[in-house]
Amino acid sequence: MAKILIACNNDASVDLHSFMQSCADLARQQCADYHHEYSFVEPPHLTKHEVISPMSDHQICFIAAHGDAYGIYNENEEDVVTTRTTNYSFSNKGFYSVACLCAQHLCPELMRMGLKFFVGYNVPFVIGDNEVSFCECALEGLKHILSGESKKVAHKAMLDKFDELIKAASFNDRLLLLRDKEHLVFDGEDNVSMADLI
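Structure report, in brief. (Residues numbered from 1 in each chain as written. Predicted model: local features only at pLDDT ≥ 70, side-chain atom pairs only at ≥ 80, totals over all residues. Heavy atoms only, no water.)

**Looking at the environment of H17**
Argument step 1. Mapped onto the elements, H17 comes out in helix α1 (residues 17-33).
Argument step 2. Taking the C-alpha atoms as reference, H17 lies 15 Å from D129; in sequence the two are 112 residues apart.
Argument step 3. Only 2.9 Å separates the side chain of H17 from the backbone oxygen of V14, close enough to count as a polar contact. (Helix = DSSP H or I, 4+ residues; strand = E, 2+ residues; numbered from the N terminus. Polar contact = N/O pair within 3.5 Å; in protein donor to acceptor, adjacent residues only side chain to side chain.)

This is the structure in structure tokens:
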């Protein structure tokens with residue numbers, strides 16, 4: 001049984017706060033489904049200290065929050081996990097984000113620090129009218145990682161979920177889901193699984 005840190009920016013003043021909460025809720029349900037413990041961090045405690053420091057006894061950091069090419073931020077636009085924070089705590093861990101742009105520079109920085117896998121997006125993550133579909137697609141990979149499957153299997157399952165929901169979506173949602181799928185970054189060695197995380 002692993003321990004997952006689940007963080008989300010659900011502050012009512014923040015755009016898409018309800019979507020981020022929905023993503024965190026689904027992540028918590030997935031942890032329960034696969035019998036993993038989790039810790040939950042939300043504003044006003046969404047800080048670099050409350051997210052990075054606990055990683056010493058967690059195997060995966062899941063975060064749904066606003067980001068840019070250099071990292072992920074809280075409701076006050078302060079660094080939570082960025083290229084400017086001390087990121088050695090992520091060595092031999094997994095990092096799974098629903099956040100804009102952070103795959104551009106945060107991903108290579110964390111991988112350089114010894115991160116085992118990274119999930120994020122290299123452009124702004126967009127959502128359409130059916131938020132549930134976007135949430136399901138964004139978290140499909142986490143479900144498979146938590147079940148013990150490899151990064152390669154989880155990545156394929158995530159792409160398959162995108163394809164399934166793209167076919168069923170309205171025209172506008174189809175375009176947005178396709179955009180998210182095309183800009184998904186799922187980095188790490190293909191055979192990495194929960195068993196490899198410390």
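From this point on, the discussion continues.
**Quick look at the sheet that holds strand β4 (residues 67-68)**
Argument step 1. Pairing is antiparallel across the open sheet formed by 3 strands, whose spatial order is β4-β5-β6. With partners counted over all chains shown, the strands left at the sheet margins are β4 and β6 (79-82), one partner each.
Argument step 2. Sheet topology note: the β4/strand β5 (residues 71-73) ladder contains 2 bridges and is antiparallel. Bridged to D68 within β5 is G71. (Pairing = 2+ DSSP bridges.)

**A few points about helix α4 (residues 131-146)**
Argument step 1. Here α4 spans 23 Å end to end across 16 residues, near enough to the 22 Å set by a 1.5 Å rise per residue.
Argument step 2. Along α4, the largest kink reaches about 40° and is centred on L139.
Argument step 3. With 12 of 16 residues buried, α4 is to be regarded as a mostly interior element.
Argument step 4. Among the residues of α4, those classed as buried are S133, F134, C135, C137, A138, L139, E140, G141, L142, H144, I145 and L146.
Argument step 5. Positive backbone phi, approximately 100°, marks G148, located one or two places after α4. (Expected span 1.5 Å × (residues − 1). Bend = angle between axes of the 7 residues up to and from the residue. Buried < 20%, exposed > 50% of the residue type's maximum accessible area, 1.4 Å probe, protein only.)

**Some words on the nonpolar core**
Argument step 1. In this structure, F62, V98, F117 and L139 are the most contacted members of the largest nonpolar core, which totals 42 residues.
Argument step 2. Counting residues per element, the ones that place at least two in this core are β1 (3-8), α1, β3 (60-64), β7 (94-98), β8 (117-121), α4, α5 (151-168) and β9 (184-188).
Argument step 3. Among the elements that make up this core, the one with the highest residue count is α4 (8 residues).
Argument step 4. With residues near it in sequence (within four places) discarded, F117 still touches I60, K93, G94, F95, Y96, M111, I145, F186, D187, G188, V192 and L197.
Argument step 5. If you look at the next biggest cluster of nonpolar residues, it comprises 24 residues, including V51, C61, A65 and A99. (Core = buried A, V, L, I, M, F, W, Y, C linked by side-chain atoms within 4.5 Å. Contact = heavy atoms within 4.5 Å.)

**Re the environment of A154**
Argument step 1. Looking at the element boundaries, A154 is found in helix α5.
Argument step 2. Judged by relative accessible area, which is 0%, A154 ranks as buried.
Argument step 3. Taking the C-alpha atoms as reference points, A154 and F62, 92 residues apart in sequence, are found 15 Å from one another.
Argument step 4. Excluding anything up to four places from it in sequence, A154 contacts G141, H144, I145 and F186.

**Re the sheet that holds β8**
Argument step 1. Judged by pairing direction, the sheet is mixed, and its 6 strands sit side by side in the order β2-β1-β3-β7-β8-β9 without closing on themselves. On the outer flanks of this sheet lie β2 (37-41) and β9, each paired with one strand and no other. When the angles between neighbouring strand axes are averaged without regard to direction, this sheet yields 15°.
Argument step 2. Running over the sheet, α1 touches β1, β2, β3 and β7 and is turned about 170° from β1. (Axes fitted to C-alpha atoms, helices over the stretch in contact; angles between N-to-C directions.)

**Some details on the pairing of β2**
Argument step 1. When β1 meets β2, the two strands line up parallel, connected through 5 bridges. For I6, the partnering residue across the bridge sits in β2 and is F40.
Argument step 2. Taken together, β1, α1 and β2 form a β-α-β motif whose crossover is right-handed. (Right-handed = clockwise from strand over helix to strand, strands pointing away.)

**Examining unusual backbone geometry**
Argument step 1. Residue P44 follows P43 across a cis peptide bond; omega there is 5°.
Argument step 2. Mapped onto the elements, P44 comes out in the loop between β2 and α2 (48-52).
Argument step 3. Backbone geometry at N92 places phi at a positive 65°, although glycine is not the residue there.

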